[in-house]
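# Coordinates in review
What follows is each chain in one-letter form.
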There are 2 protein chains.
Amino acid sequence: MKILIAGSYITKFGELWEKSLKDLITEAELGVIKNSKFDDEEIEAIFVSNMAGGIFDGQLHLGAMASGVLKNYPPAMRVEGACASGGLAMIVAEYALLSGKYKTVMVVGAEKMTDVSNQMATEGLNGAADTEAEFGSTFPGLYALMAQRHMKEFGTTRDQLSAVSVKNHKHGLLNPLAQFHKEITISEVNGSEMIAPPLRLLDCSPISDGAAAVILTTKDLPNCPEIMGFGQGMDSLSLAKRKSLTTIVAGVKAADIAYKMAGIKPGDIEAAEIHDCFSIAEILAIEDLGFFKKGLGGKATIEGKTTYGGKVIINPSGGLKSNGHPVGATGIKQIAYLSQLIRDKKIKTGLTQNIGGSGATAVVHILGGKR
Amino acid sequence: MKILIAGSYITKFGELWEKSLKDLITEAELGVIKNSKFDDEEIEAIFVSNMAGGIFDGQLHLGAMASGVLKNYPPAMRVEGACASGGLAMIVAEYALLSGKYKTVMVVGAEKMTDVSNQMATEGLNGAADTEAEFGSTFPGLYALMAQRHMKEFGTTRDQLSAVSVKNHKHGLLNPLAQFHKEITISEVNGSEMIAPPLRLLDCSPISDGAAAVILTTKDLPNCPEIMGFGQGMDSLSLAKRKSLTTIVAGVKAADIAYKMAGIKPGDIEAAEIHDCFSIAEILAIEDLGFFKKGLGGKATIEGKTTYGGKVIINPSGGLKSNGHPVGATGIKQIAYLSQLIRDKKIKTGLTQNIGGSGATAVVHILGGKR
């Protein structure tokens, strides 16, 4: 049974003061139906990705809210796995389709993060950590530990970290929906405010509002990208219990399953939307996904191997850094953005990697356009 | 493909001051493995039900927490649909099994509600409502409207409402894990504090801590109850948009799908665990599920038709009212409790009904022991 992506929609990402969580979900749902060959009534179920609506918006029960946007109130539910909620909602939709219960479903991801203070947003996101959070660490601190270790073990440099953000801001210029449209330089990243050594402000993805949706179907339609493989991997919530600080083991597991299911190798991937919540996360990811040898991700980035004309285009959308990171929307946006590149025949085969927390949950999808 | 319930476990429900959300999840996971023929390593995935860990416990990413309890870090995620989260997590597990991706999975539900003030708990739960919440209504107020309408349309009486709570407290005496072990009388319910007319304190289920877990498998095992049918239905979040205040349309839809899948009729059900968050909710449910004609649920209850020796045993566990209502745990507890009755050969066929919010989401399961 083949699962096809029959439509996609992404809202503008950014500080969308005039829009509520409900507005964003509604725009994405109606937008994706318009961008597909399906009517409202043909959507048999909805899977909603959102991390922190309860904390940021006082709104739980988003399944019911998403269901109410469509005429027939299709079955709906929310799926959550911190910042990997989008990837997980995709997986639940895939289970539902493969079970034969439904033929056509929608996956919608949304997050409205700017209606609370930065402190509250930080504390809310910290709910995705465990023991380290009790000792006061926030996510930049956890990824900073990984960056320090990577620099020590492999000689990754400050300039190499900065090259990730510089490249993603450049890619963001090509994406009209990106939160930032501003080219930055390595020296600007190097000189930005220190957050958690060695990570500086411009190493970090922003607080964002936004939504994205896709329609998945097992019906036979022409010119629709196919979901060739998907996998989920897990590791300890607490960094202290992990075997390595320079490999996200959950991401390696997820990728292994997805590559095997798709029957392809890392070298077959032309573009990938990966989870660059911090610059170091992109370096870890491009190594863990098999695009570059462990330790050489920073070097590959600064040498231009992760952009147009290089080995693999990493984060053509601008990634979390420049496109923005409304957490519940991110995993769906990755799928939507890549599927649009495939539909537009810019690439044939792509990969998405969505990470939850500091790497306890990871989801990898492989999309193909061989049809 | 048959899905069997290969093990179940329920923690004590109540005000468990000495236990954290993590403690409750851990106890349920290790307990259900002990109560099954499976080892830790044989659990291929975990589906976690929880409504408000982000608000009540500052803890999101519960999938990763639940995964970390087991040795091999199986894939895990959280599923949420307000108070119907448990029923929905069951459905996701069923999709995953029917997709053929896994043969044996765990579903665990937990909620730790007593670590916040009553006001914060009320506000947190209110995140499951929509427009009415903006005008200040809380859940007792919404169910009170349904009760008023049911009394006006069908002549349901104060004593009939009270008979629900009296019967459920009596059933709770038989359940050592119930939050309350205290017989109450109709006049005690009638005289308890007014909450939202006509609903009084003893019409309302309590704030509770607790967890429950089941292991589901498609492997062939002897003496395991079978999931014969399941269904999900939805309706408007807002009462103002509903066609009726005396029928939970989502529940009717869910029951129709589940009865059809199981190939049985309401008259075949010997016992049912249903969602009595308020006394009126049980009256609506036993009518909507087809056990009694619309309008006659209150009369049937006060005449003893919903207890031992009657037509169908409603809430043998004591229900939400007496067993307690840790929201994320409730839907799993219903399945676990009924499956134990089937395994102990006390009943052959049972039904669970789990409602989210004021009825926007509903999930019905039918369990059978014909093997």
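Residues numbered from 1 in each chain as written. Chains lettered and ligands numbered in written order. Predicted model: local features only at pLDDT ≥ 70, side-chain atom pairs only at ≥ 80, totals over all residues.

This brings us to the overall build of chain A. Across its full length, chain A holds 14 helices and 12 strands. Taken over C-alpha atoms, the radius of gyration comes to 19 Å for chain A, in line with the 21 Å a tight globule of 371 residues would show. Across its three principal axes, chain A shows a C-alpha extent of roughly 55 × 45 × 40 Å. (Helix = DSSP H or I, 4+ residues; strand = E, 2+ residues; numbered from the N terminus. Rg over C-alpha atoms; globule rule 2.2 N^0.38 Å.)

This next bit is on the packing of helix 8 (residues 158-172) of chain B against helix 11 (residues 279-288) of chain B. Residues and elements named next belong to chain B. Viewed as axis vectors pointing N to C, helix 8 and helix 11 meet at an angle of 95°, and their least axial separation amounts to 8 Å. Taken together, the axes of helix 8 and helix 11 lie roughly perpendicular to each other. For the pair helix 8 and helix 11, contact is made by Leu 161, Val 164 and Ser 165 and by Ser 279, Ile 280, Glu 282 and Ile 283, respectively. Each residue belonging to the contact of helix 8 with helix 11 can be placed in one class, and the counts come to four nonpolar, two polar and one charged. (Axes fitted to C-alpha atoms, helices over the stretch in contact; angles between N-to-C directions. Parallel < 35°, antiparallel > 145°, perpendicular 65-115°, else oblique. Contact = placed C-beta atoms within 7 Å. Nonpolar A, V, L, I, M, F, W, Y, C, P; charged D, E, K, R; others polar.)

Across the boundary between the two partners, chain B contributes 43 residues, which contact 43 residues of chain A. With three bridges connecting them, strand 3 (residues 76-80) of chain A and strand 3 (residues 76-80) of chain B associate as antiparallel partners. Each bridged residue has a counterpart across the sheet, and for A:Val79 the counterpart in strand 3 of chain B is B:Val79. (Pairing = 2+ DSSP bridges.)

A word on the relation of the copies chain B and chain A. When chain B is fitted to chain A, the residual RMSD is 0.0 Å, and the transformation amounts to a turn of 180° plus an axial shift of 0.0 Å. Taken together, the rotation angle and the small translation identify this as a two-fold axis. Taking C-alpha positions as reference, the residue of chain B nearest the rotation axis is B:Ser99, located at 2.0 Å. Interface overlap between copies is the fraction of interface residues in one copy that are interface residues in the other; for chain B against chain A it reaches 100%, indicating a shared surface. (Least-squares fit on C-alpha atoms with pLDDT ≥ 70 in both.)

Here chain A averages 95 in pLDDT, and 99% of its residues register 70 or above. For this predicted complex, the interface confidence score (ipTM) comes to 0.96, while the overall pTM stands at 0.97. (pLDDT = per-residue confidence, 0-100.)

Moving on, we get to helix 4 (residues 85-98) of chain A. In an α-helix, one full turn covers 3.6 residues, which means residues spaced three or four apart are oriented alike. Residues and elements named next belong to chain A. The terminal C-alpha atoms of helix 4 lie 20 Å apart, and with 14 residues this matches the ideal 20 Å at 1.5 Å per residue to within 8%. Of all the 14 residues making up helix 4, 13 are buried; the element is thus mostly covered by neighbouring parts of the structure. Positioned one or two residues after helix 4, Gly 100 has a phi angle of 85°, which is positive. (Expected span 1.5 Å × (residues − 1). Buried ≥ 20, exposed ≤ 12 C-beta atoms within 10 Å, placed from the backbone.)

Residue and element names in this part refer to chain B. With respect to burial, strand 11 (residues 349-356) is a largely interior element, eight of its eight residues being buried. Burial of strand 11 is two-sided: the residues Thr 349, Leu 351, Gln 353 and Ile 355 facing one way and the residues Gly 350, Thr 352, Asn 354 and Gly 356 facing the other way are all buried. Where strand 9 (residues 271-273) and strand 11 come together, three bridges link them in parallel fashion. Opposite Ala 272, over in strand 11, you have Leu 351 as the bridge partner. Alignment of strand 11 against strand 12 (residues 361-368), held across eight bridges, turns out to be antiparallel. Its bridge partner being in strand 12, Asn 354 is matched across the sheet by Val 363. Counted between consecutive antiparallel strands, the loop separating strand 11 from strand 12 contains four residues, among which Gly 357 sits at a positive phi close to 60°.

Right, let's get into the nonpolar core. One finds A:Val107, A:Val108, B:Val107 and B:Val108 to be the most contacted residues of the largest nonpolar core, which totals 259 residues. Those residues within four positions of B:Val107 in sequence are excluded, and the remaining contacts are B:Phe47, B:Ser49, B:Ala89, B:Met90, B:Ala93, B:Ala213, B:Val214, B:Leu216 and B:Ile332. (Core = buried A, V, L, I, M, F, W, Y, C linked by C-beta atoms within 7 Å.)

This next bit is on the environment of B:Trp17. Along the chain, B:Trp17 falls in the loop between strand 1 (4-10) and helix 1 (21-34). Between the C-alpha atoms of B:Trp17 and B:Glu282, which are 265 residues apart in sequence, the distance is 29 Å.

Turning our eyes to something else, we now look at unusual backbone geometry. Apart from glycine, the bulk of residues carry a negative phi angle, and the bulk of peptide bonds sit in the trans form. Put simply, A:Pro197 and A:Pro198 share a cis peptide bond, and its omega is 5°. Summarising the element assignment, A:Pro198 is placed in the loop between strand 5 (194-196) and strand 6 (199-200).

Residues and elements named next belong to chain B. Strand 8 (residues 226-234) sits mainly inside the fold: eight of its nine residues count as buried. As paired strands, strand 8 and strand 12 are joined by eight bridges and run antiparallel to one another. The partner of Gln 232 across the bridge, within strand 12, is Val 363.

So, about the environment of B:Thr247. All names here are of chain B. Relative to the helices and strands, Thr 247 resides in the loop between strand 8 and helix 10 (249-262). Taking the C-beta count within 10 Å as the criterion, Thr 247 has 18 such neighbours and is therefore assigned partly exposed. Spatially, the C-alpha atom of Thr 247 lies 9.3 Å from that of Gly 359, the residues being 112 residues apart in sequence. If we ignore the near neighbours within four places in the chain, the residues touching Thr 247 are Val 252, Leu 284, Asp 288 and Lys 294.

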